[in-house]
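Report on the structure
One letter stands for each residue in the lines below.
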Amino acid sequence: MAINGFLLYESSTGYFSVHVKSRELITAELPFPEIWLPLSNIDLLLPPIDCIIYSIYRKPSSKPDLSFGSAVEILKKCLAKVLVHYYPLAGEMVTNSSCEPEILCNNMGIEFIEAHADIELRGVKLHDPDTTVQGKRVPPTGRGSRELITAELPFPEIWLPLSNIDLLLPPIDCIIYSIYRKPSSKPDLSFGSAVEILKKCLAKVLVHYYPLAGEMVTNSSGEPEILCNNMGIEFSEAHADIELNGLKLHDPDATMQGKLVAPKGRGVLSVQVTKLMWEGIVVACNWDHRIGDAYSIGMFMAAWAEVSRTNSLTLIPNFRRSLLSPRHPGSYDKSLDNMYMPVASLSPLPKHESTSSDQFISRIYHLSASALNQLQDLSFTYGTTRTKLESFAAFLWKLMANASGDAESSYRLGILVDGRSRLSEGPRSALYRYFGNVVSIPHGEATVKDLKSKPLGWAAKKVNELVGCATNGDHFQGLIDYVEGKKPNPMMTRVYYRGADQGPAIVVSHARVLDPSKMDFGWPSFLDIRALPLGRGCQICVVAAKPPGEWRLDWSTCSIYRKPSSKPDLCFGSAVAILKKSLPKVLVHYSPLVGEMVTNSSGEPDILCNNMGVEFIEAHADIELSGLKLHDPDVTIQGKLVPSKGRGVLSVHVELLSPTSTRSHLSF
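The present account deals with the structure reproduced in this document.

Calculation criteria
Residues numbered from 1 in each chain as written. Predicted model: local features only at pLDDT ≥ 70, side-chain atom pairs only at ≥ 80, totals over all residues. Heavy atoms only, no water. Helix = DSSP H or I, 4+ residues; strand = E, 2+ residues; numbered from the N terminus. Buried < 20%, exposed > 50% of the residue type's maximum accessible area, 1.4 Å probe, protein only. Contact = heavy atoms within 4.5 Å. Areas by Shrake-Rupley, 256 points an atom, 1.4 Å probe, with all protein chains shown as cover. Salt bridge = Lys/Arg side-chain N within 4 Å of Asp/Glu carboxyl O. Core = buried A, V, L, I, M, F, W, Y, C linked by side-chain atoms within 4.5 Å.

**Some words on the overall build of the protein chain**
- For the protein chain, the count of helices and strands is 15 helices and 29 strands.
- In the protein chain, buried positions account for 45% of the 668 residues.
- Intrachain contacts of the protein chain at a sequence separation of at least 6 include 76% that bridge at least 24 residues.
- When the accessible surface of the protein chain is split by element, carbon and sulfur atoms take 55% of a total near 34800 Å².

**Observations regarding unusual backbone geometry**
- Residue P329 follows H328 across a cis peptide bond; omega there is 0 degrees.
- Note on placement: P329 falls in the loop between α5 (294-310) and α6 (336-339).
- For the bond from K487 to P488, the omega torsion is 10 degrees, close enough to zero to count as cis.
- Mapped onto the secondary structure, P488 falls in the loop between α13 (473-486) and β20 (491-493).
- The phi dihedral of N611 falls on the positive side, at around 55 degrees, and the residue is not glycine.
- Note on placement: N611 falls in the loop between β26 (605-608) and β27 (615-620).

**Brief notes about the pattern of salt bridges**
- What the rule picks out here adds up to 15 salt bridges.
- A salt bridge links D418 to R420; the nearest nitrogen and oxygen atoms lie 3.0 Å apart. The same class applies to D418 as to R420, namely buried.
- Salt bridges linked by common partners bring E223, E484 and K487 together as one network.

**Regarding the nonpolar core**
- Residues Y209, L212, F300, M301 and W304 are the most contacted members of the largest nonpolar core, which totals 55 residues.
- Going through the elements one at a time, β6 (101-105), β8 (158-161), β9 (173-181), α3 (191-205), β11 (224-228), β13 (269-277), β14 (280-288) and α5 are the ones with two or more residues in this core.
- With sequence-adjacent residues up to four places away left out, M301 is seen in contact with I176, S178, V283, C285, M519 and F521.
- Core analysis: the second largest hydrophobic core is formed by 35 residues, L375, L413, L431 and V438 among them.

**Focus on the environment of G522**
- Position of G522 among the secondary structure elements: in the loop between β21 (505-510) and β22 (526-533).
- Between the C-alpha atoms of G522 and E306, which are 216 residues apart in sequence, the distance is 8.5 Å.
- Not counting the four nearest positions on each side in its chain, G522 is found in contact with K186 and R309.

All quantities given are derived from atomic positions and should not be read as evidence of function.
Listed below in structure tokens is the structure:
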């Protein structure tokens, strides 16, 4: 509570005066995160009028020792307690992106004024409120300060509606997991200690990610919404009798589901931390896709890790649903009817599908950077280079069609498009920290015959065309308006459903926004990170960059030098010292080379110029120059004369060849 001082002002209008002794802000007793509470349609009909209510009390004869100061302290203390449940009253009225008023529940506080009036009770003219009440016994509304919260303490139940885009997602459970090796820098860190750190920091981060401790319920309109009741996240601690190198990570059905990933119960998120034999740790989360996309869950994991490392949080999440409000009147392209369909129109499964013995399986495959670049080269058509994701999606589309026997049938492809960067303008600039789904899944269809016979470039062009319709803000705003216009009928992505006259489908999602460098819980021996769907229905492929990233291509350059005859006294150590001394001088002007590659809020790579440094390696090789197979760089260069690049964007390797040789080499 912020106390502003004594005797702030004196009002002498009318026939008596009121002397204000103090003015302060009373906030809810338990701090809690910012919440945006929209006004109902009936609320919106009311003008901005201030109303008053007051009560008059006589000092009770049963409490002769009760002073005015003691009564005020009781009132302030109890007001703070009741504001836990009436938290909007401690907020302020703001305007959302649709220019409608809504309540920002930021625990700013209620202005509480303690005053003394130089009049007796019987002298108050209660029949004349303009003279007696307004400006004397009733304070004007104003602004104040805000407080933060600790989620270890209970806070009131909050009903958080799903956005119109959330409502398009089916109830699919997804998982994200990361694997860590016990760091050599912390030899005394036990698994039990690590678990306690994770649990303690999870409770702290749930202060800001409070919906994740709630459960999905149905509102009066039959729509799902999140009841933020601090029910909690189910946290499982487990031990697995297997070593890290024995995990079949390519087969998540056998490895993850029901073993390293806990089943999700009533809540919207569950966590399991598993100790492997020989000091491996797996941290896995299972979440309801309706609450958020991969960007959102990656933001949560990064926040959890940051709190574990620093006990603080840099990026506060935003759950403000009005950022994705529909327009009035709404407007959308009729092509959305081809992308989405009413849930009520779903028909029973075709007979052949209900009796089929085929089973869905999940697999993880690894594509090297060179393979992705080769796909991109093959998809080059008409002077246009397709993106890696478009090239891979086209390849996968053709691959799945090749497994189909009926050449005249069709095969459908959907691809996930993130809308944050498309909508992040003006009032929506806060979308970079918005937790929820901001995705669209445009899809297309082609015959199996065409997919088999035509080149990869043809398929990549079709992928580019179907993605192109969703890469603008108008598409996403139209999608929000579309769902609003179809209410109360729930809608779903059409590609998830296979009708009797439709071919199979595959949806290409991606988790490229997951930044492994932000998943450091204080033991940075990070090995792998994945995001996988566990739902069953449409086939889903999730593309994720394997750390340090298979969407990245490293280049190397190598120079070989002979010891100069003009400097017979120059030794290898002196040459290295000269190189190291000169390198910092030139890096002053080439500052990005001492930075590292990170991912920005739009999921794109950026260079963080943080002067992290260039890794400089000094080495000796037991081979003469004449013995180097320079025509075969895979054998000679990679991993030997050229270093494996670490976190930075550049590394340098200086190596002395065999003493019988008079040369050394320098590589980058």
